[in-house]
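Residues per chain are reported as follows:
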Amino acid sequence: MAETKTILRALAGEVQDVPPIWMMRQAGRYLPEYRATRAQAGDFLSLCYNPDLATEVTLQPIRRYGFDAAILFADILLVPQALGADLWFVTGEGPRLSTITTQAEFDALKPAMDIHEVLSPIYQTVRNLSQELPSETTLIGFAGAPWTVATYMIAGRGTPDQGPAHALRLENPALFEALISRITAATIDYLSMQIEAGAEVIKIFDSWAGSLPDDAFEKYALEPTRAITRALKERHPGIPVIGFPREAGEKYVGFARATGVDCVALDNSADPDWAARHVQVDGCVQGNLASRHMVTGGQALVDETRQIVQAFSKGPHIFNLGHGITPDADLENVQLMIDTVRGG
Ligand code: CP3
C-alpha cells in the first residue's frame, strides 16, 4: 500500500506541494491545557513517567492544531536517570543531575541493558499513543545524542558553553569516551524499545553539537549518531531517522550522508536558500522558522514562513521551528504559521 502519512512520505524523499508540519516542544507551557495537566501531575518528571497524563499532553497539540506528527512526551535526561544519575528540575532554572567527572562516579552507573525498569512507563506512553493517534498522524520517538546528554551528565546542569564537558574530553579522553559509549549503547536500546512500542520515526537531538570543533564533531557528534542510526536500521529495517546537530553551521553539509539519517533538522541560523543547495541535495530537511515569530507574529511571521516553504519547495521538506517553542508564545501565532504553510 502506498504511504499515506505526509511525514513518512517526506522522509521517503517525496516532494509535496504542501510540506507536512509539526513543532518542537509542541506539548508545552504555551498551551493552557498543558499547564492544567502539568499541575495535575505535580512536577515535570511525574508527568513524564505517568503514561496516561503523558499520552494526554502529547495529544493536546494534535487536537488543537492538527499537526502532521506527534512527538512522544518525555525528556532527553531520562536516559541518564535510568543509568543511575540523580535528576531533578529546579523551577525557573532547569535540570540538575548528580555529576560524572571521576572514574568512581562512572563505575557507579548501571549497565546500558538495565535502563528498562525505569523507562518502561515511557514505552507504555508510546503504546497508548500508537492506539490513540488519528490515522494520518505520525508518531515520533526520540532521545538525546550522546554528546548532548554527556554535557548534562558531566556538568550536572545546562551550561552556556558546555565548558565542563569540553574540559573532560580534553583532560580525560578515556573516561569521556567510556561515558559516550555507555550513553550510545543505552540510547540504542531505549530507541529500539520505542520502535517496538509503535514509534514510526526517531529523532536524535544533538542540541549542543555546534560547540564541537571539527575533529571532535566528527568523533563525538557524527560517529555516535551514525552508530545509533545503523543499529536501529539493522534491528528495524526501514525506520526513518531525523538528525538534529543544532548550530552545526557548515558541518550540516554531508551530515546525512555521513550518518545515514534520512532527514537533517536545521536550526534557524541556517539560511534556507543555502541549506536547499547544500543540505537538501542529500534528502529531506526539517525546519527552520525562528521560534521568536511565535511570540511576535504579524507580517514578519507570514513572510518568513513563505520564504522557508519556497526555498525548500523543490525537495523533500518537513516544516518546523528551528528550536523549541517558548512558554511566552501566542496561540494565534501558531495557527497563523500553520495556515500560512497550508494555505499559502
Ligand atoms: O518536543 C516535545 O514536545 C517533546 C518533549 C520534549 C521535551 N524535552 C519536553 C520538555 C523533548 C523532545 C525534549 C528534548 C530536550 N530536553 C532537549 C533537546 C532539545 C532542545 O531543547 O535543545 C533538551 C536539551 C532537554 C533538557 C531539558 N528539559 C531542559 C534544558 C529543560 C528546561 C528548559 C525549560 O524549557 O524549562 C527541560 C524541561 C522540559 N522538557 C520541558 C518540556 C515540556 C519544560 C518542563 C515544564 O513543564 O516545566
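Since the model is a prediction, treat every value here as computed from it, not as a measurement.

*Asks:* Can you walk me through the nonpolar core in this structure?
*Replies:* Among soluble globular proteins, nonpolar side chains are generally buried collectively. By size, the foremost hydrophobic cluster in this structure holds 109 residues, and its most contacted members are V79 and V264. Per element, the largest residue contribution to this core is 9 residues, and it comes from helix α10 (residues 173–197). Excluding anything up to four places from it in sequence, V79 contacts I115, A143, G144, V149, I183, A186, T187 and Y190.

*Asks:* Would you mind showing me how to read the UniProt feature "binding site: substrate" (unreviewed entry) in the protein chain here?
*Replies:* In the numbering used here, UniProt assigns the "binding site: substrate" (unreviewed entry) feature to R25, Q26, A27, G28, R29, D75, Y152, S207 and H323. The largest pairwise C-alpha distance within this set of annotated residues, which runs over 299 residues, is 22.7 Å, so the set is dispersed in three dimensions. Relative to the elements of secondary structure, R25 occurs in the loop between α1 (6–11) and α2 (32–41). Those residues within four positions of R25 in sequence are excluded, and the remaining contacts are G324 and I325. Locating Q26 in the fold gives a position in the loop between α1 and α2.

*Asks:* Honestly, the environment of C263 in this entry has me stumped. Any pointers?
*Replies:* Its place among the elements puts C263 in strand β7 (residues 263–265). Classification of C263 by C-beta neighbours within 10 Å gives buried; the count is 27. For the pair C263 and F205, spaced 58 residues apart in the sequence, the C-alpha separation amounts to 12 Å. With residues near it in sequence (within four places) discarded, C263 still touches L11, I242, G283, C284, V285, Q286 and I318.

Rules and cut-offs
- Residues numbered from 1 in each chain as written.
- Predicted model: local features only at pLDDT ≥ 70, side-chain atom pairs only at ≥ 80, totals over all residues.
- Core = buried A, V, L, I, M, F, W, Y, C linked by C-beta atoms within 7 Å.
- Buried ≥ 20, exposed ≤ 12 C-beta atoms within 10 Å, placed from the backbone.
- Helix = DSSP H or I, 4+ residues; strand = E, 2+ residues; numbered from the N terminus.
- Contact = placed C-beta atoms within 7 Å.
- UniProt positions renumbered as here; feature names shortened; annotations may be inferred.

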